[in-house]
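# Structure assessment
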Amino acid sequence: MKTDLTDTTSSKINKALVLGRRAIGTPAVGMVLTLVIVTDEENAYDALKAANDASREHPSRTLVVIKRVSRSPRDRSQARLDAEVRLGADASTGETVVLRLYGEVVDHAQSVVLPLLLPDAPVVVWWPVNAPTDPANDPLGALAQRRVTDTYAAEQPIQELTARADAYTPGDTDLSWTRITPWRSMLAAALDQVACEVTSAEVEGEEFNPSVELLAMWLAERLKVPVRRARSAGPGLTSVRMETSTGPIVLDRPDGSLATLSIQGQPDRAVALKRRETAELIAEELRRLDPDDTYESALRFGLERLDEEAATVAPQPVDEVPAEAAAAETPAPAKPAAKKSPARKAAAK
């Protein structure tokens, strides 16, 4: 059941929800939380599809907030709210309200969302793209107990991790961290099988993938050993190698679906380590609404500290040193620089 409301208000949307539930005979007592999705028109369909799939495990009221940017100054000064209410089969096991904000109301999205929250139920806000640097201080993020971002969708994912660490607030989490849950479980289980001491580790994955950095920081923080990062063609994480006192432990996944666990003195084992869809990631995050202390400790470990400790086991290649020394000893570039400097001074005068 779908109901379209043009130039409406939060009160009219609530009435449409009540009338729709009465029409299809579905009460709202089965909803366990309110999921607020803040996105743009381009990514709204995929985000809503993932939320509907996750609602089979977590029945919820889903509010999709789409901020429409008006082109002309006249349109930007006119505030308007359009809504689409979906119930029954059109909203999976929950309720869905798609909110499109125009004009000045774009800057006051929290005033539209607040009356639509389920009473006495937790609130989760998810930014599939264009997440704020400090989600807890965002007007919509301040309404939530749990704030979900995805640094993988950022333009500069690695730099975004540093900003997330500086602005971290209990309740923040990231889907790049959720993606490495199977890896962390498999590595922890492998270490439980062998009585050994880990001396160093190496994490290999595609470039500009924040999951690689998070897994490396988690290993370095937990094992207190230097961790190197290596680059591969992907997809995603491809390999983790831990050097131990009894031999290497390697978890290798070259194809993104099936991995091989190799432990010294034991036969190689094939393990399922498939890359998961967004719906599975969101469903995992909705299972727990308390702060993730493990994510916080790994995030706060710091990329700079990871680089410093990795340098102790990753010395500079020998073949690069003569090239740098030769460049430093070559006096040829100094002569053109000396000739150009008077010209720059003259131009300055």
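Just above sits the structure.
The structure reproduced in this document is the subject of the present report. These numbers come from a predicted model, not from an experiment. (Residues numbered from 1 in each chain as written. Predicted model: local features only at pLDDT ≥ 70, side-chain atom pairs only at ≥ 80, totals over all residues. Heavy atoms only, no water.)

## With respect to the pattern of salt bridges
Keep this limit in mind: Basic side-chain nitrogens of Lys or Arg form a salt bridge, by our definition, when they fall within 4 Å of a carboxyl oxygen of Asp or Glu.
Here the structure, examined in full by the defined rule, presents 20 salt bridges. Among the salt bridges present, the one from Glu 221 reaches Arg 222, with a minimum N-O distance of 3.6 Å. The structure contains a network of salt bridges with shared partners spanning Arg 21, Arg 61 and Glu 95.

## Focus on the packing of aromatic side chains
Just so we agree on the cut-off: Here a Phe, Tyr or Trp ring, Trp counted by its six-membered ring, pairs with any other such ring whose centre lies within 6.5 Å, and the pair is stacked when the planes are under 30 degrees apart, edge-to-face when over 60, and tilted otherwise. Strands are runs of DSSP state E lasting at least 2 residues, helices are runs of H or I lasting at least 4, and numbering of each runs from the N terminus. Burial status follows relative accessibility: with a 1.4 Å probe on protein chains alone, a residue under 20% of its type maximum counts as buried, one over 50% as exposed, and anything between as partly exposed.
Tallying each qualifying case throughout the model produces two aromatic pairs. Here Trp 177 and Tyr 295 contribute two aromatic rings whose centre-to-centre distance is 5.6 Å and whose plane-to-plane angle is 55°, an arrangement assigned as tilted. One end of the pair, Trp 177, is in helix α6 (residues 175-178); the other, Tyr 295, is in helix α10 (residues 293-301), and 118 residues separate them in sequence. In this structure, Trp 177 and Tyr 295 share a single accessibility class: buried.

## Some points on the pairing of strand β10 (residues 227-232)
In plain terms, the rule: In this description, strands pair whenever DSSP reports at least two bridges between them.
Alignment of strand β9 (residues 198-206) against β10, held across six bridges, turns out to be parallel. Within β10, the residue paired with Glu 202 across the bridge is Arg 228.

## Observations concerning the sheet that holds strand β14 (residues 269-272)
Just so we agree on the cut-off: Axis definition: a line fitted to C-alpha atoms, over the contacting stretch in the case of helices. Angles run 0 to 180 degrees between N-to-C directions. Throughout, a contact is declared for two residues whenever any of their heavy atoms are within 4.5 Å.
One open sheet holds the six strands; their spatial order is β10-β9-β11-β12-β13-β14, and the pairing between them is mixed. Edge positions in the open sheet fall to β10 and β14, since each of these has one partner strand only. Between one strand axis and the next, the sheet turns through 15° on average, direction left out of account. Pairing geometry for β9 and strand β11 (residues 237-244), over seven bridges, is antiparallel. When the sheet's bridge partners are listed, Val 203 is paired in β11 with Val 240. Together, β9, β11, β12 (249-252), β13 (258-263) and β14 form the strand contacts of helix α7 (residues 181-193), whose direction differs from that of β11 by roughly 25°. Relative to the sheet, helix α8 (residues 210-223) contacts β9, β10 and β11, its axis offset from that of β9 by approximately 170°.

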